[in-house]
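Per-entry structural report
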Amino acid sequence: MAARPEGTPVWTDAMFTDVEGAKTFYGDVLGWTFGESSTEFGNYTQAYKNGKAVAAVVPPMPGQDGEPQSAWCLYFASPDVSATAERIRGAGGTVLMEPMQVGEFGSMCLAREPSGAVFGIWQGGTHEGFELEGESGSYVWAEVFTREPGKADDFFGGVFGYRSKTMQDGEMDYRIFDLGGDPLLGRMVMTEEFPAEVPSYIQVYFAVDNCDKAVEAARRLGGQAVFGPMDSPFGRFAAIQDPQGAAFAVIDVRTTVGEEPEWA
């Protein structure tokens, strides 16, 4: 597999205090199976769809301060994680976990952009990232939700060299980023509908065959639909919170309604 360009979403994982509960939930909602836990790397456990790696779950690190907060983390590709970390600092971001090697799998760091969203950087070794994308049960899209769009836009453009286009819709402030090809990342402004205590975050979307059935499964297992299901020109989607509080979204990209908006 050719190396993904720097700034391309390349992997996602989440921390759960109840890993077995998370495996049950996502196994039912997204059809995932799970590999063996890696005791050498904190019981990191990969999730698979049709035998291909799509995500991972992990318990909290021993000695972690405070109450662990479950959340999905999106990682962006980098050919040099240390150099990317320096650009993150230079663009006003904060490096939360310094670059570190993860065995032969690759190297990583964790960071926060100036408006508050946390993300990761991944320099692939033997683990190059997603083995399946855009198909049912796998990663398909992500959006930065922020109350300070100017800060987020400047940061991501500065770190990754993204180009951007804004949706020509007077009711919504929405932007997409790319590297000269297909869109890679969206940016949505958080409205007053979001509780004040909810910080900026990156929402990961997983593809599903049927959005409504995925929401039904999530509710049956103790999750909740925060938004939707709703039709759109990009697919029928819903934002979900799992039983441990991790937010994510599901989308059936084959079920589209309406014409795609214009961009400028």
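Everything here concerns the structure above.
Residues numbered from 1 in each chain as written. Predicted model: local features only at pLDDT ≥ 70, side-chain atom pairs only at ≥ 80, totals over all residues. Heavy atoms only, no water.

Across its 12 residues, helix α3 (residues 149–160) extends 16 Å between first and last C-alpha, which sits within 8% of the 16 Å expected from 1.5 Å per residue. For α3, every residue scored as buried is listed here: P149, A152, D153, F155, F156, V159 and F160. All buried residues of α3 project into a common sector of 165 degrees when viewed along the axis, lining one side. One or two steps after α3, the chain reaches G161, where phi turns positive at roughly 70 degrees. (Helix = DSSP H or I, 4+ residues; strand = E, 2+ residues; numbered from the N terminus. Expected span 1.5 Å × (residues − 1). Buried < 20%, exposed > 50% of the residue type's maximum accessible area, 1.4 Å probe, protein only. Arc of directions from axis to C-beta.)

Read across the open sheet, the eight strands follow the order β10-β11-β12-β9-β13-β16-β15-β14; overall the sheet is mixed. Of all strands in the sheet, those bounded by a partner on one side alone are β10 (163–166) and β14 (224–230). Here the average twist between neighbouring strands, direction ignored, is 25 degrees. Running at roughly 160 degrees to strand β12 (residues 183–189), α3 makes contact with β9 (139–146), β11 (174–178), β12 and β13 (201–207) of the sheet. (Pairing = 2+ DSSP bridges. Axes fitted to C-alpha atoms, helices over the stretch in contact; angles between N-to-C directions. Contact = heavy atoms within 4.5 Å.)

Let us look at unusual backbone geometry. For the bond from G228 to P229, the omega torsion is 10 degrees, close enough to zero to count as cis. Looking at the secondary structure, you find P229 in strand β14. Positive phi is not limited to glycine here, since N43 has a value of about 60 degrees. Turning to its location among the elements, N43 is positioned in the loop between β2 (33–34) and β3 (45–49). Among the residues examined, N43 registers a relative accessible area of 34% and is labelled partly exposed.

Formed by 64 residues in total, the largest nonpolar core has its most connected members in Y26, W72 and F76. Sequence-distant contacts of Y26, defined by excluding residues within four places in its chain, comprise F16, G31, W32, F34, W72, D242, A246 and F248. (Core = buried A, V, L, I, M, F, W, Y, C linked by side-chain atoms within 4.5 Å.)

With respect to topology, eight strands assemble into an open sheet ordered β2-β3-β4-β1-β5-β8-β7-β6, the strand pairing being mixed. A single partner strand is all that each edge strand has here, and the edge strands are β2 and β6 (94–102). For strand β7 (residues 106–112) and strand β8 (residues 118–124), the ladder comprises seven bridges, and the chain directions are antiparallel. Across the sheet, residue A111 finds its bridge partner in β8, namely F119. Contacts from helix α2 (residues 81–90) reach β6, β7 and β8, with the element oriented near 180 degrees to β6.

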